[in-house]
Amino acid sequence: MRGAGTVVVAAALMLLAGCAGGADGQRDTSRTVRQPPQATQAAATPGLPGVGSALRSRIPAGSRQVVAVYGDDARSADSTIVLYTRQGDLWKRERSWSGHNGKRGWTPDHHEGDRKSPVGVFTLSDAGGVLAEPDSRLPYHRSSAFTAPRSWSRSHWHDFDLVIAIDYNRVKGTSPLDPTRPEGQSKGGGIWLHMDHGSGTSACVSQSKADMEYLLRTLDPALHPVVVMGDRAHLKA
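Thresholds, definitions, all that
Residues numbered from 1 in each chain as written. Predicted model: local features only at pLDDT ≥ 70, side-chain atom pairs only at ≥ 80, totals over all residues. Heavy atoms only, no water. Phe/Tyr/Trp six-rings, centres within 6.5 Å; stacked < 30°, edge-to-face > 60°. Helix = DSSP H or I, 4+ residues; strand = E, 2+ residues; numbered from the N terminus. Buried < 20%, exposed > 50% of the residue type's maximum accessible area, 1.4 Å probe, protein only. Lys NZ or Arg CZ within 6 Å of the ring centre and 35° of its normal. Pairing = 2+ DSSP bridges.

Trainee: How should I be thinking about the packing of aromatic side chains in this particular structure?
Mentor: Each aromatic ring pair is described using two quantities: the centre-to-centre distance and the angle formed by the ring planes. Enumeration according to the criterion identifies 5 aromatic pairs in this entry. The interplanar angle of 75° and the centroid separation of 6.1 Å between the aromatic rings of tryptophan 152 and phenylalanine 160 together place this pair among those described as edge-to-face. Measuring from ring centre to ring centre gives 5.3 Å for phenylalanine 160 and tryptophan 192, while their planes differ by 90°; the resulting arrangement is edge-to-face. On the criterion of sequence distance, the pair formed by phenylalanine 160 in the loop between strand 8 (140-142) and strand 9 (163-166) and tryptophan 192 in strand 10 (residues 192-195) is long-range, its members being 32 residues apart. Here the two residues phenylalanine 160 and tryptophan 192 agree in accessibility, since each one is buried. Members of the aromatic cluster, each reached through a chain of ring pairs, are Phe146, Trp152, Phe160 and Trp192. Sitting above the plane of the tyrosine 214 ring, arginine 95 keeps its charged end 4.1 Å from the centroid.

Here's what the structure looks like:
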């Protein structure tokens, strides 16, 4: 973030607080990756496994990369994340891993402070973080303003070392720290893919540093990547 003044820094801190929602989570390293429905490691299928027509129809025709986030349940903070690439009319599963979503699960009508991740299909256009760019294909905005407040639990301090903005109620082509909310503040925002602290978030989707680095190196703007996210019941609709 360039030339950040006091007001901009304050806005950034509010944005970070909204994304991580403080530090009430306890670290949990016991989880294993759950497989998405009807998917095998090398399978290529005509449609995205577990994603019904309602959300599938919202994937832009030009999109050839999809990050699918399969929430365990509408009230669960646990997710399985899968990267798919489209090859002709088929979707190939490239890699999967465990992650977390909102502390209170999922909602198709997200609002500021509900601690639920929004169900939907959203483009992925911009990235950033505290750390130096890890060969990111997405535009990468490095800034110390991503640093999580040290008043938070230590387990949250590195949440925003690497982030990818989910284009929910934000302006594409700007830093993930841009606080602009085109649909209004009440609809929330600042929803990112970011590094995991072992428990649910306020609305973001989190995963390990290695998985974030993988996404940053793999997601290609030329392939118009999107995230398809929600609990399994909403995804199937």
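Trainee: Sorry if this is basic, but what is going on with the pairing of strand 2 (residues 65-71) here?
Mentor: The side chains of a regular strand alternate between the sheet's two faces. Of all 7 residues making up strand 2, 7 are buried, and the element is well covered by its neighbours. Neither face of strand 2 is left uncovered, since the one carrying Gln65, Val67, Val69 and Gly71 and the one carrying Val66, Ala68 and Tyr70 both have all their residues buried. In terms of strand pairing, strand 2 meets strand 3 (residues 78-87) through 7 bridges, oriented antiparallel. Opposite valine 67, over in strand 3, you have leucine 83 as the bridge partner. The antiparallel hairpin formed by strand 2 and strand 3 contains 6 residues in its connecting segment.

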